[in-house]
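A closer look at the structure
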Number of protein chains: 2
Amino acid sequence: MTAFSFSVDGRDGRARAGTMRTPHGAVPTPAFAPVGTQATVKAVTPAQLEALGASLVLANTYHLHLRPGAEVVERVGGLHRFMGWPGPILTDSGGYQVFSLADHRRIDLDGVTFRSHLDGSSQRFTPERVIEIQERLGADIIMALDECPVPHDRAANERAMRRTHQWAERCLAAKKRDDQALFGIAQGGVFEDLRLESVQFIAGLGFPGIAIGGLSVGESKAEMLAVLESIEPALPPERPRYLMGVGSLEDFVQAVMRGIDLMDCVFPTRLARNHAALTPLGRLHLRTAAYAEDPRPIDADCTCYTCRTFSRAYLRHLTVAGEMLAATLLTIHNLTALIALAGRLRQAILERRAEPFAASFLASYHKHRLPEPLP
Amino acid sequence: MTAFSFSVDGRDGRARAGTMRTPHGAVPTPAFAPVGTQATVKAVTPAQLEALGASLVLANTYHLHLRPGAEVVERVGGLHRFMGWPGPILTDSGGYQVFSLADHRRIDLDGVTFRSHLDGSSQRFTPERVIEIQERLGADIIMALDECPVPHDRAANERAMRRTHQWAERCLAAKKRDDQALFGIAQGGVFEDLRLESVQFIAGLGFPGIAIGGLSVGESKAEMLAVLESIEPALPPERPRYLMGVGSLEDFVQAVMRGIDLMDCVFPTRLARNHAALTPLGRLHLRTAAYAEDPRPIDADCTCYTCRTFSRAYLRHLTVAGEMLAATLLTIHNLTALIALAGRLRQAILERRAEPFAASFLASYHKHRLPEPLP
């Protein structure tokens, strides 16, 4: 059974427009996937996500394993039904969260033991265990367990890469459900030879999608882009490429122009809860007094519900008044900013004008991006 | 110009089905109006309010006067545009909030001086001032300034009633805009003779709508219902009757059966933020462990987005995980519970079966209303 497929619908340079097909629907690429850590994209309903054009939503295995538990999600009908999102879902492996626990985890060849951030209980993830958890959750796309070290320590990255490769093989062997696509994750830090080795190894195992892990974790933007450029020729052209944890407007465009098809990040939703709005001309900090009587929408060119309905003055009022609706409206806007950009970029790729589109977007973005909020 | 009108579409006993017409649309009655204290019904968007069937929304003059200020709202286009709600809006006079400030306000014949709960600044409301503020805000229905004392002190209620009557006359004289309907407020505590005097006085001034203030502020349910019964014959039949600050399912039915057309209350939305759901069979406290694996919706008979989409297990997960979406989904449900009940009651009145409908609803409600959450 091939529950998952990917087709490339058009190319322009290294940029690709494609379609991922899953048991719960299609994902046109390039795509930005909102993150629903605890089985909810914070502050918005699934209906609002659908209305703003989201096609794929992420959820975090680490968080759902600890609360409410994969068995609970399974018993009430699986993750799609549980979170009320009928479209495609991707779960990560939990590896990134566990390795972020620093002093509260101990890694060995077989897996990783860690303390729950909720109750301090001792927990253990192995490749087999995270596949079992993800099979119970029931997402369309699931991820192999990887080790994500700091980006500049070569020895640590070499070790982590070898372990990630062994775990990738074990994840493939452990997988039972045939209605889920398991993506492998390449590591290697900022070291181009390790990155190439990792991409080739992971691609060689036959995963239907290849993720690039361990970027946007402390290295410079230039280093991140250099890694993407160096590995692109080694990535199988017929499979989707997923850059994990990257999601500013600028990074999205730059990564797509280097052959990436899919990205996710908490950045736009977290920024929204901190009262900032993404626009092609930079960020608006809505709490600023300058917006107190500003009748304009966040972005006059944006077609989201927030920009169609509300002024900066109202959004500023909500943030100052501490109203929850501020988070909801800014989340709707910020996700739309990324998802609409993905759609425009896709169109530009199909029409073979991705290069001028990206150049114009980035030039305008850099010209306007100011340390202070826009007037 | 008659920007406001009211028609009685049907009667059954003392219960009435009517239609209020305002410059921003019609309000079928009996109606429950959600409260948007700070120009937002907490945790939901105007689009969600519209989808769940809200027709009239309240906003609070006290809060909006202090922040962002009526002048700001006026300059960015008025309250409808500001809060993105194109339908009918009612603003209260701010009186109730000011009198709730207890030690932080001083009342005199001319008005009331109080300290802002936000910054301690000295503020003053007079009848003329609250009309001016409400004219700047621009709601469809505005309210006269009243004094709301504790319910059982006869001398205080007599004093407050006289002052309320004088202020009602001054509000009428101060009113300039002809596209807003000014409602008067009758006071009188639990004292039937005062209540009758107040209703007759306020009705005699020619207000297009009569509000009953000073109930649900400490008196018993039986006292509240006795007041409603005693004043009903004195209320002009051709004008809408608005019972302020009442909004449980049970109270709503009992008040409508005693001739009330409109109610508002923070109760359903506040309860939602405290993780409780209103149902005809009692309240569900969603945080309870009993719901951890319950695949059922809150109320199988409810047609709201929340009940159509999510299980009790998911709602319980959201509350335990501290996710904002819990407040949104429970607010949608609780407002739907009241607004759908209002619609069913309206239909029953039009079909002259209000008495059995109410009796059956209340019998079932009392039978099932348990101190502990339902299984």
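This report concerns the structure included in the present document. Everything numeric in this text was worked out from a predicted model, so none of it was measured. (Residues numbered from 1 in each chain as written. Chains lettered and ligands numbered in written order. Predicted model: local features only at pLDDT ≥ 70, side-chain atom pairs only at ≥ 80, totals over all residues. Heavy atoms only, no water.)

A few points about the side chain of Glu-147 of chain B
Residues and elements named next belong to chain B. Inspection of the secondary structure puts Glu-147 in the loop between β11 (141-143) and α7 (154-174). Looking at Glu-147, its side chain comes within polar contact range of the side chain of Arg-163, at 2.9 Å. Setting aside its immediate chain neighbours within four residues, Glu-147 contacts Phe-99, Ile-107, Ala-160, Arg-163, Thr-164, Trp-167 and Gln-187. (Helix = DSSP H or I, 4+ residues; strand = E, 2+ residues; numbered from the N terminus. Polar contact = N/O pair within 3.5 Å; in protein donor to acceptor, adjacent residues only side chain to side chain. Contact = heavy atoms within 4.5 Å.)

So, the layout of surface pockets
Residues and elements named next belong to chain B. There is about 680 Å³ of room inside the second largest pocket. Looking at the second largest pocket, it is lined by 35 residues, and the ones nearest its centre are Asn-60, Tyr-96, Gln-97, Asp-264 and Val-266. Residue assignment for the lining of the second largest pocket shows that the elements contributing at least two residues are α2 (61-66), α5 (95-99) and α11 (267-273). Taken together, the residues of the lining of the second largest pocket break down into 14 nonpolar, 15 polar and six charged. (1 Å grid on protein atoms, 1.4 Å probe; cavity = no way out; pocket = protein on both sides within 12 Å on 5 of 7 lines; lining within 4 Å. Points joined across faces, edges and corners; volume = space filled by probe spheres on them. Nonpolar A, V, L, I, M, F, W, Y, C, P; charged D, E, K, R; others polar.)

Points about the environment of Ala-33 of chain B
Residue and element names in this part refer to chain B. Inspection of the secondary structure puts Ala-33 in strand β4 (residues 31-33). For Ala-33, a relative accessible area of 1% puts it in the buried group. Sequence separation between Ala-33 and Gly-343 is 310 residues, and the spatial gap between their C-alpha atoms is 13 Å. In contact with Ala-33, other than residues within four places in its own chain, are Leu-56, Leu-58, Leu-262, Met-263, Asp-264 and Cys-265. (Buried < 20%, exposed > 50% of the residue type's maximum accessible area, 1.4 Å probe, protein only.)

Details of the relation of the copies chain A and chain B
Once chain A is rotated about the relating axis by 180 degrees and shifted along it by 0.0 Å, it coincides with chain B to within an RMSD of 0.0 Å. Within this description, the copies of the chain are treated as partners about a two-fold rotation axis. Using C-alpha coordinates, one finds that chain A approaches the rotation axis most closely at Met-324 of chain A, a distance of 3.9 Å. Both copies present the same face, since 100% of the interface residues in chain A are matched by interface residues at the equivalent positions in chain B. (Least-squares fit on C-alpha atoms with pLDDT ≥ 70 in both.)

Section: the sheet that holds strand β14 (residues 241-243) of chain B
Residue and element names in this part refer to chain B. Strand order in the open sheet formed by nine strands is β4-β15-β14-β13-β12-β11-β7-β6-β5, with parallel pairing between adjacent strands. Either end of the sheet is taken by a strand with one partner, and the two such strands are β4 and β5 (35-36). Where β5 lies against strand β6 (residues 57-59), two bridges are found, and the strand directions are parallel. Counted as the bridge partner of Gly-36 is Ala-59 from β6. Each of β12 (181-186) and β13 (210-212) touches helix α8 (residues 192-204); the most contacted strand, β12, lies at about 160 degrees to it. (Pairing = 2+ DSSP bridges. Axes fitted to C-alpha atoms, helices over the stretch in contact; angles between N-to-C directions.)

Quick look at the pattern of salt bridges
In total, this model carries 52 salt bridges over all chains according to the counting rule given. Linking Arg-136 of chain A and Glu-71 of chain A is a salt bridge whose minimum nitrogen-to-oxygen distance equals 3.7 Å. Pair noted here: Arg-136 of chain A is in helix α6 (residues 127-137) and Glu-71 of chain A is in helix α3 (residues 70-75), with a separation of 65 residues, a long-range link. Overall, Glu-71 of chain A belongs to the partly exposed group, its relative accessible area being 29%. Where Glu-132 of chain B meets Arg-136 of chain B, a salt bridge forms, and the shortest distance between an N and an O atom there is 3.1 Å. With Glu-132 of chain B and Arg-136 of chain B both in helix α6 (residues 127-137) and four residues apart, the pair spans about one turn of that helix. Connected via shared salt-bridge partners are Glu-71, Glu-74, Arg-129, Glu-132 and Arg-136 of chain A. (Salt bridge = Lys/Arg side-chain N within 4 Å of Asp/Glu carboxyl O.)

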